[in-house]
Amino acid sequence: MNNALTTKIRMYRLHELGDCFLLSFNDTTSESHVLIDCGSFRNSNASSKKFKEITRDIRKIVGPKGIDLIVATHQHNDHMSGFQHARKDFESIGVEQVFLSWLDDENDALALDIGEQHNKVTRRLQSIRGRLKSDRRKELAPIRMALDEVVDERSFEIDHSFTGKATQFLKEVGTRPVQYLRPGQIVKVPNMSEDLVRIHVLGPPRNYKDIRSTNPRKGESYDRHLSSILFSIDELNNALSDQRADPNFPFNDKFKEKLSNKKNWSKDTLAQWKDYNKESWRNIDLDWLSIAKRFALHLNSYTNNTSLVLAFELVKLKKVLLFVGDAQAGNWRSWDAIDWKGDHPLDMDTLLRNTVFYKVGHHGSHNATSKKALDRMTHEDLVAFIPVNKKDPNLTKKNPWRMPAKNLYKALDKKTKGRIARMDEGKVQRKKNNWKARSLKVDPLFVEYTIKD
Ligand SMILES: [Zn+2]
């Protein structure tokens, strides 16, 4: 049959946190291969080896023509580090086009401004971390750890030099110039007819407020108890990223008595100080520093929120594949207000109603799938893919990351009639009967889903 389109979506199994998806579109006369993200959280030798296996597989699939399109959603290692680990392999496979978000565009004034604000927050947290280095109080350990994870240059996930290098590589590797996407654009997949496949760009929003807003409001999350923990973060972040001139934050100098000045204190002040020190609840500095920990975590969420979000429309089939990277609440919330620029726009209701493949946001965390949006994904063929592995050390440690969040997982399970594919094979097999015949292939290296009609 003329123009019959086959779409294959291959989720590579990193056996740790990390996204790497290969989409292959084939209409019998032409084919196009799109790689969305390729990264690992740990960046260990095992991860590096895995990328070798993955690029070998990609080379086999795409052949001498190379990869038609690479999409990198946001600057976290678990989405980008593979481009650095396996850069030689990607170079030799060949890449035609790269899509990045407008936030990676060095000629975009708003992107530069947001980048500068982000750097300021990072620098501030780094200076707090520096000051904490010599303070070995036990109570500070979790704060120190959170800061280490987020703003330490050498940390796995946020090594800026590492993701920076990967981004730079992606800016240079394509035979065509990089395209920086903005919400509202409708673009074609290279080497594939736009009568068959169109990409609708949903995020990241071109609006500072939405990017900063990372937590769900009332009714936007399935796991409300988790969102309420982070209730005040957005406000705190606003306060910190403001151009505060006050170096004495949180307290002005005139309200402070310097300990180094103690020998000059009056008898009263000294007595007061001794009294205060007897009662630990009066030690306000610890409370203040725990806010620094929250900021550190928030900085992470903020980067998630810069995710490039793409809806691939399979035009003739009236079906949509939704790839949201790690987009959080503000990114999801912005989509309904998009002012569509290209030909053949579709409203958000249609895009969500026609979604048959959902790449679950942020490895299934509670604030990266909007309840209001998932409620509107009503297609009977809906399946969900979660790049998460229950054996990942982040999910087995004492205070595990809640991935996937329990109530979200339940909702997905119901919506998809059990058709959830995770990196851990067992979970896929358990619900195998609900998948269409031959639509799902489970291999040690990948899980692949095929859409034909
Ligand atoms: Zn991620």
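Notes on the structure follow. (Residues numbered from 1 in each chain as written. Predicted model: local features only at pLDDT ≥ 70, side-chain atom pairs only at ≥ 80, totals over all residues. Heavy atoms only, no water.)

Below, the discussion takes up the sheet that holds strand S8 (residues 197-203). Judged by pairing direction, the sheet is mixed, and its seven strands sit side by side in the order S7-S8-S9-S10-S11-S12-S13 without closing on themselves. A single partner strand is all that each edge strand has here, and the edge strands are strand S7 (186-188) and strand S13 (420-422). Looking at each pair of strands side by side, their axes are set apart by 20 degrees on average, direction ignored. Where strand S10 (residues 319-323) and strand S11 (residues 355-359) come together, four bridges link them in parallel fashion. Looking at the pairing, Phe323 lines up with Lys359 of S11. Packing against the sheet, helix H16 (residues 406-415) makes contact with S11, strand S12 (383-386) and S13, and its axis sits at approximately 130 degrees to S13. (Pairing = 2+ DSSP bridges. Helix = DSSP H or I, 4+ residues; strand = E, 2+ residues; numbered from the N terminus. Axes fitted to C-alpha atoms, helices over the stretch in contact; angles between N-to-C directions. Contact = heavy atoms within 4.5 Å.)

Turning our eyes to something else, we now look at unusual backbone geometry. For the bond from Gly203 to Pro204, the omega torsion is 5 degrees, close enough to zero to count as cis. Position of Pro204 among the secondary structure elements: in the loop between S8 and helix H7 (208-212). Phi at Asp37 is positive, roughly 65 degrees, even though this residue is not glycine. For Asp37, the location among the structural elements is in strand S3 (residues 31-38).

Time to look at the packing of aromatic side chains. Counted by the stated rule, this structure contains 13 aromatic pairs. Ring centres 5.2 Å apart and planes at 50 degrees place the aromatic pair Phe83 and Phe90 in the tilted group. Residue Phe83 is classed as buried on the basis of its relative accessible area of 0%. On the basis of relative accessible area, Phe90 is assigned to the buried category, the value being 0%. A ring pair is formed by Phe312 and Phe323, whose centres lie 6.0 Å apart and whose planes are at 80 degrees; its orientation type is edge-to-face. Taken together, the residues Phe312 in strand S9 (residues 309-314) and Phe323 in strand S10 connect sequence positions eleven residues apart. The same class applies to Phe312 as to Phe323, namely buried. (Phe/Tyr/Trp six-rings, centres within 6.5 Å; stacked < 30°, edge-to-face > 60°. Buried < 20%, exposed > 50% of the residue type's maximum accessible area, 1.4 Å probe, protein only.)

This part is about a positive patch on the surface. Together, Lys8, Arg56, Lys60, Arg438, Lys441 and Lys452 line one region of the surface with positive charge. By relative accessible area, Arg56 is classed as exposed at 55%. (Patch = residues over 30% accessible without salt bridge, like charges linked within 9 Å, V, L, I, M, F, W, Y side chains within 5 Å. Areas by Shrake-Rupley, 256 points an atom, 1.4 Å probe, with all protein chains shown as cover. Salt bridge = Lys/Arg side-chain N within 4 Å of Asp/Glu carboxyl O. Lys, Arg positive; Asp, Glu negative; His and termini not counted. Charge placed at Lys NZ, Arg CZ, Asp CG, Glu CD.)

What follows covers the pattern of salt bridges. Tallying each qualifying case throughout the model produces 18 salt bridges. Note that Asp108 is salt-bridged to Arg206, the shortest N-O span being 2.9 Å. Of this pair, Asp108 sits in the loop between strand S5 (95-101) and helix H4 (109-132) while Arg206 is found in the loop between S8 and H7, placing the two residues 98 residues apart along the sequence. Under the relative-accessibility criterion, Asp108 is labelled buried at 3%. Close ionic contact of Glu313 with Arg198 constitutes a salt bridge, the shortest N to O distance being 3.9 Å. With Glu313 in strand S9 and Arg198 in strand S8, the pair connects residues that are 115 residues apart, well separated along the chain.

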